[in-house]
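For reference, the chains in residue letters:
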Amino acid sequence: MRRACAGNDQRAEVEKAASKALELDDMLAEAHLTMGMFKLEGEWNWSAAETEFKRALELQPSLAMAHGSYAGFLVAMGRFDQAIAAAKTAVDLDPTSPT
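Being a predicted model, the structure only gives us computed values, none of them experimental. (Residues numbered from 1 in each chain as written. Predicted model: local features only at pLDDT ≥ 70, side-chain atom pairs only at ≥ 80, totals over all residues. Heavy atoms only, no water.)

Q: What am I meant to see in the packing of aromatic side chains here?
A: Two aromatic rings, taken as a pair, are described by how far apart their centres are and by the angle between their planes. Within this structure, the stated rule accounts for three aromatic pairs. With a centroid separation of 6.1 Å and 50 degrees between ring planes, the pair formed by phenylalanine 53 and tyrosine 70 is classed as tilted. Here phenylalanine 53 is found in helix 3 (residues 46-59), whereas its partner tyrosine 70 is found in helix 4 (residues 64-76), with 17 residues between them in sequence. Its relative accessible area of 1% is what places phenylalanine 53 among the buried residues. Taken together, a centroid distance of 5.8 Å and an interplanar angle of 10 degrees make the contact between tyrosine 70 and phenylalanine 73 stacked. Here tyrosine 70 pairs with phenylalanine 73, and both are found in helix 4, just three residues apart, close to one helical turn. On the basis of relative accessible area, tyrosine 70 is assigned to the buried category, the value being 10%. Residue classification places phenylalanine 73 among the buried residues on the basis of a relative accessible area of 1%. One aromatic cluster in this structure is built from Phe53, Tyr70 and Phe73. (Phe/Tyr/Trp six-rings, centres within 6.5 Å; stacked < 30°, edge-to-face > 60°. Helix = DSSP H or I, 4+ residues; strand = E, 2+ residues; numbered from the N terminus. Buried < 20%, exposed > 50% of the residue type's maximum accessible area, 1.4 Å probe, protein only.)

In structure tokens form, the structure reads like this:
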């Protein structure tokens, strides 16, 4: 299910770009992170979003933005202890990042 609001065109472009990046190189953590964010916010597909976040973290454990985004996902799922741990990791990796 997609949100019926302004920005659907931009979401479609994000999905298209992330899909193309993954088609070219499935080992790009940033592309998996972007796809996870799209699945979460664009489609509300919780299980697919989590799969993409976890893949991004598996590929690049030092990617602070992935830990921060995954923390936001975990909060939305009500998994607060895990969210706190992910957020702490994000801050430890990059204390100046807004994620």
